[in-house]
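The primary structure of each chain is shown beneath.
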Amino acid sequence: MKHVSPWRIGGFASLGIACLILIAPLVYGILRGVGELPGAIFDEEVQFACGLSLVTAIISTALCIPLSLCATSSLFSARFKGRSALVQLLTTPMALPHIVLGIMLVLFFGNQGLAPLLEPLGIEFIFTVQGIILAQVVTNIPFVVEQLWAAFSNINPKHIFQARSMGASNAQLDWLVVFPSVKHDIIAAIIMCFSRCLGEYGAVMMVAGTTRMSTEVLPTAILLNTSTGNLSRALAIATILILLAIALSGLSRIWLRQSTHNKYGNHKRVRHGSATGNTADDADTKGLGVNGSNACADVQYSGAGAESSGANISGAGGDTRSDADIDANGSGVERSDAKGEYAT
């Protein structure tokens, strides 16, 4: 009989406890709530809450993603003292209870804050639909910034250096190198941001209230129906949110898995004999040449060595060098320097 270590036994026991307290209640709730869905779907209040939740979540996601993406990109490309502290401040609200963020928003945008200045402009956040959007955006920006910052930190710095050495501007660097490198992470962030906006409760309750058929979204509808004793309707709404969360979480994991595969699964092994291909670390930077010219580096493997050839770049003054040291079969290295001169 194969010996099983106590550590492995403890691990499986912990897994069983986690499944019991996390998965089992969700499955039980879904089994109970599915039977209540047919009656709840055609209920006017549930339809209103679903519609308002979808509209506010879409608007909040459309506002949150560009703000977070631009902020993260600017912090990633900038180099200044206190950058890490600023990132920490932007992501600190993740550790706060959302009801605390809601209180801060009420104070800042209420009558004791900016409300007297915003009311002449027709902007009101307290107990309005705009307040729902504000609460969802504020609570999700730290989450998206944290997720994008982790993705940006995994970008190969060699790609950025190559793009800058070919004269790429900051806008070209973002659109042609940085954003394509993390496109799957961005899509996953969009999906998770939308899911979190649908389920936001604490800050929304504090800022927009829980007025039935006015600022009633799906999470607050659960509270209202539970407080009035209508448990079956609350359970049906909870089931809707659970099913949406499972679907959106699955989509997010698919995109994150694709991102991981692109980063670590496409490395090519060069075996003994002849092989041709591009190195996994070389950036495919197109459209980054100065004054519209393109440049790229092609690496060819042949037999026991490797040759590297560069491309001439036309533009402003200066010169660039591209070196390649590749040991194709472990028997030797052939070094080739390519030098391209800029035409003035």
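Engineer: What exactly am I supposed to notice about the side chain of Arg-83 here?
Structural biologist: Secondary-structure assignment places Arg-83 in helix 4 (residues 83-91). The side chain of Arg-83 sits in the buried core without any salt bridge; Asp-174 is the nearest counter-charge, 11 Å away. Here Leu-75 takes part through its backbone oxygen, which lies 3.0 Å from a polar atom of the side chain of Arg-83. At 3.1 Å, the side chain of Arg-83 forms a polar contact with the backbone oxygen of Ala-78. Residues contacting Arg-83, with those up to four places away along its chain left out, are Leu-75, Phe-76, Ala-78 and Trp-149.

Engineer: What exactly am I supposed to notice about the nonpolar core here?
Structural biologist: What tends to happen in soluble globular proteins is that the nonpolar side chains get buried as a cluster. Ranked by internal contacts, the top residues of the largest apolar core, which has 30 residues, are Val-144 and Phe-152. For this core, the elements supplying multiple residues, two or more each, are helix 3 (44-77), helix 7 (129-153), helix 8 (157-165), helix 9 (170-181) and helix 10 (183-199). Sorting elements by how many residues they give to this core places helix 10 first, with 7 residues. Discounting chain neighbours no more than four positions away, the residues touching Phe-152 are Leu-69, Thr-72, Ser-73, Phe-76, Val-178, Phe-179 and Val-182. Counting residues in hydrophobic clusters, the runner-up holds 13 residues, among them Leu-118, Ile-132, Ala-203 and Val-204.

Engineer: Hey, could you run me through the state of the cysteines in this one?
Structural biologist: Think of a disulfide as a covalent bridge from one cysteine sulfur atom to another cysteine sulfur atom. For the structure shown, the criterion picks out 0 disulfides. No disulfide involves Cys-197; its sulfur sits 4.2 Å from the nearest other cysteine sulfur, which is in Cys-193. Taking relative accessible area as the criterion, Cys-197 reaches 0% and is therefore assigned buried.

Engineer: Explain the confidence of the model for the protein chain here, please?
Structural biologist: Regions with low pLDDT carry predicted coordinates that are not meant to be interpreted in detail. Averaged over all residues, the pLDDT of the protein chain equals 78, while 75% of them reach at least 70. In this model residues 267-344 is a low-confidence stretch, pLDDT under 50, and it forms 134 contacts with partners more than four residues away in sequence or in other chains.

Definitions and cut-offs
Residues numbered from 1 in each chain as written. Predicted model: local features only at pLDDT ≥ 70, side-chain atom pairs only at ≥ 80, totals over all residues. Heavy atoms only, no water. Helix = DSSP H or I, 4+ residues; strand = E, 2+ residues; numbered from the N terminus. Buried < 20%, exposed > 50% of the residue type's maximum accessible area, 1.4 Å probe, protein only. Lys, Arg positive; Asp, Glu negative; His and termini not counted. Salt bridge = Lys/Arg side-chain N within 4 Å of Asp/Glu carboxyl O. Polar contact = N/O pair within 3.5 Å; in protein donor to acceptor, adjacent residues only side chain to side chain. Contact = heavy atoms within 4.5 Å. Core = buried A, V, L, I, M, F, W, Y, C linked by side-chain atoms within 4.5 Å. Disulfide = S-S within 2.5 Å. pLDDT = per-residue confidence, 0-100.

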